[in-house]
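# Observations on chain architecture
Okay, here's what each chain looks like letter by letter:
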Amino acid sequence: MPSLKIKLGPLELETPLLTASGTFGFGEEYATLMYLEGLGGLVLKTLTIFPRPGNPPPRLVETPAGMLNAIGLQNPGLESFLAQELPRLQECGLPLIVSIAGDTPEEYVELAGALRRQPGVAALELNLSCPNVKKGGVLFSTDVALLEKLVSQVRLAWDGPLIAKLSPNVTTVAEPARAAAAGGAHIISAINTLRGMVIDVAARRPLLGNRCGGLSGPAVRPIAVNMVYDIYEATRLPIIGMGGIMNTDDALQFILAGAAAVAVGTANFVEPHTIPQIAAGLREYLEEAGLESLQELVGAAHDV
Amino acid sequence: MPSLKIKLGPLELETPLLTASGTFGFGEEYATLMYLEGLGGLVLKTLTIFPRPGNPPPRLVETPAGMLNAIGLQNPGLESFLAQELPRLQECGLPLIVSIAGDTPEEYVELAGALRRQPGVAALELNLSCPNVKKGGVLFSTDVALLEKLVSQVRLAWDGPLIAKLSPNVTTVAEPARAAAAGGAHIISAINTLRGMVIDVAARRPLLGNRCGGLSGPAVRPIAVNMVYDIYEATRLPIIGMGGIMNTDDALQFILAGAAAVAVGTANFVEPHTIPQIAAGLREYLEEAGLESLQELVGAAHDV
Amino acid sequence: MRQCRARVLALQEVNREFYSLILHEPYLAATVQPGQFLHLRVDSGLSPLLRRPFSVAGAFPGTGTVRLLFRCVGEGTKLLCRVREGDLLDCLGPLGTPFTPAGADPAVLLAGGTGIAPLLYLAESLLAAGRGVHLFYGATGAAALLPLERFLSPGLLIHYATEDGTAGEQGLLPDVFQRALDNGLLPGELFACGPRPFLAALARGNQRWRFPLQISLEERMACGIGACQGCAVLIQKDGVTAYARVCREGPVFRSEEVVW
Amino acid sequence: MRQCRARVLALQEVNREFYSLILHEPYLAATVQPGQFLHLRVDSGLSPLLRRPFSVAGAFPGTGTVRLLFRCVGEGTKLLCRVREGDLLDCLGPLGTPFTPAGADPAVLLAGGTGIAPLLYLAESLLAAGRGVHLFYGATGAAALLPLERFLSPGLLIHYATEDGTAGEQGLLPDVFQRALDNGLLPGELFACGPRPFLAALARGNQRWRFPLQISLEERMACGIGACQGCAVLIQKDGVTAYARVCREGPVFRSEEVVW
Ligand SMILES: Cc1cc2nc3c(=O)[nH]c(=O)nc-3n(C[C@H](O)[C@H](O)[C@H](O)COP(=O)(O)OP(=O)(O)OC[C@H]3O[C@@H](n4cnc5c(N)ncnc54)[C@H](O)[C@@H]3O)c2cc1C
Ligand SMILES: Cc1cc2nc3c(=O)[nH]c(=O)nc-3n(C[C@H](O)[C@H](O)[C@H](O)COP(=O)(O)OP(=O)(O)OC[C@H]3O[C@@H](n4cnc5c(N)ncnc54)[C@H](O)[C@@H]3O)c2cc1C
Ligand SMILES: Cc1cc2nc3c(=O)[nH]c(=O)nc-3n(C[C@H](O)[C@H](O)[C@H](O)COP(=O)(O)O)c2cc1C
Ligand SMILES: Cc1cc2nc3c(=O)[nH]c(=O)nc-3n(C[C@H](O)[C@H](O)[C@H](O)COP(=O)(O)O)c2cc1C
Ligand code: FES
Ligand code: FES
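Residues numbered from 1 in each chain as written. Chains lettered and ligands numbered in written order. Predicted model: local features only at pLDDT ≥ 70, side-chain atom pairs only at ≥ 80, totals over all residues. Heavy atoms only, no water.

A few words now on the site of ligand 4. Neighbouring residues of ligand 4: 20 residues in total, closest Ser21(B), Thr46(B), Lys165(B), Gly244(B) and Thr266(B). Partitioned by chemical class, the residues of the shell around ligand 4 number 4 nonpolar, 14 polar and 2 charged. (Near = heavy atom within 4 Å. Nonpolar A, V, L, I, M, F, W, Y, C, P; charged D, E, K, R; others polar.)

Each copy superposes on the other: chain A lies on chain B with an RMSD of 0.0 Å after a rotation of 180 degrees and an axial shift of 0.0 Å. On the angle and the small slide along the axis, the relation comes out as a two-fold axis. Here 100% of the interface residues in chain A have copies in chain B that are interface residues too; the copies meet face to matching face. (Least-squares fit on C-alpha atoms with pLDDT ≥ 70 in both. Contact = heavy atoms within 4.5 Å.)

The next point concerns the side chain of Gln74(B). Examined against the element boundaries, Gln74(B) turns out to sit in the loop between β6 (66–69) and α2 (78–90). Overall, the relative accessible area of 12% leaves Gln74(B) in the buried class. Residues within four places of Gln74(B) in sequence aside, it is in contact with Lys45(B), Arg52(B), Pro53(B), Gly54(B), Arg59(B), Gln229(D) and Tyr243(D). (Helix = DSSP H or I, 4+ residues; strand = E, 2+ residues; numbered from the N terminus. Buried < 20%, exposed > 50% of the residue type's maximum accessible area, 1.4 Å probe, protein only.)

Between chain A and chain B, the contact holds 42 residues from the first and 42 residues from the second. Interface area for chain A against chain B, summed over the two sides, is near 3,500 Å², with a carbon-plus-sulfur share of 61%. Looking at the side of chain A facing chain B, the largest losses of area belong to Met197(A), Val201(A) and Arg204(A), adding up to 19% of the total buried there. Across the contact surface, chain A and chain B share 2 salt bridges. Two residues, Asp230(B) and Arg195(A), come together in a salt bridge whose shortest N-O distance is 2.5 Å. Where chain A touches chain B, the interface holds 12 residue pairs in polar contact (both at pLDDT 80 or more). (Buried area = accessible area lost by both parts, 1.4 Å probe. Salt bridge = Lys/Arg side-chain N within 4 Å of Asp/Glu carboxyl O. Polar contact = N/O pair within 3.5 Å; in protein donor to acceptor, adjacent residues only side chain to side chain.)

As enumerated under the stated definition, the model contains 14 aromatic pairs over all chains in all. Taken together, a centroid distance of 4.9 Å and an interplanar angle of 85 degrees make the contact between Phe177(C) and Trp209(C) edge-to-face. Placement of Phe177(C) in helix α4 (residues 173–182) and of Trp209(C) in helix α5 (residues 196–209) is noted, with a sequence separation of 32 residues between them. Assessed through its relative accessible area of 14%, Trp209(C) is described here as buried. Seen from the ring of Tyr243(D), Arg59(B) lies directly overhead, with NZ or CZ sitting 4.5 Å from the centre. (Phe/Tyr/Trp six-rings, centres within 6.5 Å; stacked < 30°, edge-to-face > 60°. Lys NZ or Arg CZ within 6 Å of the ring centre and 35° of its normal.)

Let us look at the site of ligand 3. Residues and elements named next belong to chain A. By nearness alone, 20 residues border ligand 3, and Ser21, Thr46, Lys165, Gly244 and Thr266 come closest of all. Take Ser21: an N or O atom from its main chain is 2.7 Å from an oxygen atom of ligand 3. Within the side chain of Lys45, a nitrogen or oxygen atom sits 3.0 Å from an oxygen atom of ligand 3. Within the complex, 97% of the 600 Å² of free accessible area of ligand 3 lies under protein. (Areas by Shrake-Rupley, 256 points an atom, 1.4 Å probe, with all protein chains shown as cover.)

We now examine the sheet that holds strand β17 (residues 239–241) of chain A. Residue and element names in this part refer to chain A. Strand order in the closed barrel made by the 8 strands is β3-β4-β7-β8-β11-β12-β17-β18, with parallel pairing throughout. For this sheet the average axis-to-axis angle between neighbouring strands, irrespective of direction, equals 25 degrees. Of the strands in this sheet, β7 (96–100) and β8 (121–127) are in contact with helix α3 (residues 105–115), which crosses β7 at around 155 degrees. (Pairing = 2+ DSSP bridges. Axes fitted to C-alpha atoms, helices over the stretch in contact; angles between N-to-C directions.)

Right, dumping it as structure tokens:
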């Protein structure tokens, strides 16, 4: 049987299939519901130093072939994470990728330091779609100088695999990708959600409590595939691709565009077994195509 | 019966419902198919000085609740437009909004000059999603200094209503909107398509002949509504909103977010009578809400 | 909680407002408790994309079936109206925290509109446990009322209220309930489900009445199982105000804990 | 060209490959010509979003009906397989430029796979006009062939070809046709429809044969009526190479004008 093992720079995974941050909670809910077959690792809900209450409801709304969310980074904060969530998560045996965010570069560094050498934490993912409060709300992901510096500072505090997760709300995603590479990131993760809004026509105001939210799901897939394709041409870093992956074919689109691994988010809500199903589907595809490993497909859609 | 008349700065329209550029051809096809009831004007396919052959096929692919197109600005060029298309279009009696694009600011200016005082041409729309070949392919819509200068130069050559159509492939759409306003645009049009790609998994290459294309349709609607909302807060210019409008409720979302008029693109392909249906729907809505004019709803979703 | 494929045994248009859907799924029928819900995939397409939550309106472990009662209000429920006998519906369940009757008689159930669904199941299970049960049930008019006699065992006292007076007492349900209290009704505990303004009115009233009051809330859901934090509602408990999940800590909350 | 609501009279699974759909729409039945197509809205939802083009495989002005023959290959055609008698299908048509028979006998029709659909209608109308007609029809195997006898009047000469030899001659249709030519067949004009490689092979062959050859092309479509420029195909005509629209200038082109 062909293997799904994959190497993303320093990060080795049994399968290229991850959960997207924020869509799998801290894992316990899905663990009771699904068999975790095929899962290469868990990317956890973004963690901040202090607990965050999150945004006022409604926090969700469905859109054509997609959804908007405005959760507002609700999370228990570093201390409670280390004391309560992490020990339980370590038991599941899967590689844990901890997603972190801060209002300042210093907060990222502090989080990275606190997570260093925690057993089970296989990698760190920097959620760069947060506004930098010090610099007046500029997104870390869109100010390339800031982004490069942030990544390089985190590298000093964290010696494991480092993933930079980019925002799609940019003109040329190659630029932040190159900045992340220059700063020392090992892996690029793309894409986070796109800014969107639904107006409640009856109430004549934005439907979400936070007014705007982040768009995910199949609706954004063409945008995400395009960005992965562009990042692949811009850097030599391995890519974790995501955005609207619902099935094996969707995953293959990302892999052919250049992703060495993929993450599944919104689809978990629709079909909890999406990841096991894709794992089976990828194995079948490799077998039928007579390929030994997925690696041969990564980026195969680019001109030779 | 409540009136749908609307004023967009110097541009007055019988209804706020326009065809989106590139989706209605030069009008003749739909004219034989549909009754043009409710149409406030035609925004024509983008015109360039010289004829453009367009991109190699396939040029289209459907995506979840949307579609990608890579037509490549195929058009007959200025000379043929003036000689053949325009005289025929003038007969339909609808206000014509001519969309123009160029590889350099000079080309925009030349087109504007040639269209000045052509009978029936009610306004000019600048398609700013084109790469500026002189400046190495930067989009006019994303380099705000260039954008402002371009708009102000066109203003010198064109004395009628001037519309700047913005690209959504930006981090903060308020910036190009402000630049367009500073340059002297009378109206902002948003959004054009988002860059996207579909990989043909069987062939292991991008499906479109041009590799990437522009995403439109309901899938992008939340992004478009959000941008109209942001532009409304950033400038005092009237807005023509578009992106995935399929029915009256969708149109109302844009109007409440701040659009004084809306354009329908992809929906024409699905249901040629979308515009007449929305016209009827808006009238009904106004009547039920006891409103005299649509103007009272424009931007009503913003905090007071 | 499991992912199940439930077989459609019957779909019926009860009246202009309600559809009744009978699903065969023995595990659900045996485990679901009043107040809990199912998260249904109404279609395998991409639009609508997400599952839809529905309370269980009745469970029959003997036949391995559960009943849903729903209104057709949008795209998802429109598709649900089109299922056919024999179709398999993918559902997650049972989900959420059920009602927890504490034992003081009579139990009074207050249902506004679609809120009748979970309370039907609760009423049946209270009756089966030998409890005394009153059901107050309000809607806009007679035509919007579910014909309760078709879904309930005899033995409970029903009070109808309609806004237009076409059935039962005229007025809003909280006012009709107030009148019953004024006339000497002495509830042991209250259970309510319905639109948010209706529940808020009851919660306000209960600041005077001070009965134990459990309410079932709704919020838009994505995962339905507690993973996405999408269905947040503000809860104040032990002096701490924080968001709770309608799909996990709820949908049933103690009314005094909800920040309205 | 009109927007019509055509009533579904019958949907039939002809065999493993083909569905036959009979629509009642007198205007279409009276006006559509062989080679033209309809642009169908298979569903009122948002995914799939766009209409789907289908050639007309037969028109019966007497009964006001038209026939489509289609294969179930993806989301849209899957939904089309589920229409029921009495449903109304929104369609635009008749669309496109039809075949234009010039009159030299015999007319030879070359169909690869699904390409049989428009050629069936063409064959019938040529027969009705008293023309001599040969139909060459190829597929992968016997099971993939449409049972022609159920759809065609008697009087035309049919030559089958299958890749696996399970029906008719073994081999690819262009080779089988070549053999017929070698054996003395002398066509007056050719009409072909099928997969692009099949048509390209015929176009190559025709550089030697030099018969008048009209082919029907496919391309992905949005508007279907010539407005979006989406269905472009490169055409060389009078020394000028430019994109033409499959939905308007096509789907039927002269083979020598197509840039392959
Ligand atoms: C725990 C729970 C139990 C429920 N039990 C029942 C039940 O027993 N019977 C029943 O008929 N309905 C029930 N509902 C509501 C039901 O889930 C919605 O009516 C359904 O999801 C609407 O789907 P739709 O696609 O038809 O409508 P949409 O097109 O999604 O929306 C139609 C309208 O319903 C509103 N709406 C949509 N989803 C929700 C939601 N989750 N909560 C509140 N409003 C919403 C929208 O604002 C809109 O006005 C329950 C909801 C929850 C959260
Ligand atoms: C003028 C014209 C006439 C046609 N006549 C017939 C007919 O008589 N009978 C019939 O069965 N089919 C016909 N087709 C093809 C038919 O339109 C497609 O099979 C259908 O659109 C597929 O829709 P889907 O949603 O099921 O598949 P999708 O999920 O959209 O795609 C399934 C597969 O079909 C391919 N495909 C999709 N659309 C097209 C297209 N427009 N052209 C070529 N390939 C496509 C895709 O690449 C994919 O491999 C015709 C096409 C055209 C352009
Ligand atoms: C409900 C929800 C919550 C999310 N929370 C986070 C988060 O905390 N951190 C993060 O980096 N991304 C978050 N995301 C974005 C996803 O990780 C992912 O990048 C995005 O949803 C695109 O993938 P999808 O279309 O498969 O969902 C969230 C997405 C959703 C839908
Ligand atoms: C096939 C197609 C061609 C288009 N061509 C143009 C064009 O020439 N110029 C332009 O400014 N926008 C063009 N657009 C973008 C539309 O005008 C519109 O901005 C976009 O499609 C969003 O609206 P919609 O979702 O209603 O289609 C085109 C869109 C489509 C789908
Ligand atoms: S719906 Fe996801 S946490 Fe409740
Ligand atoms: S499909 Fe639009 S021009 Fe042919």
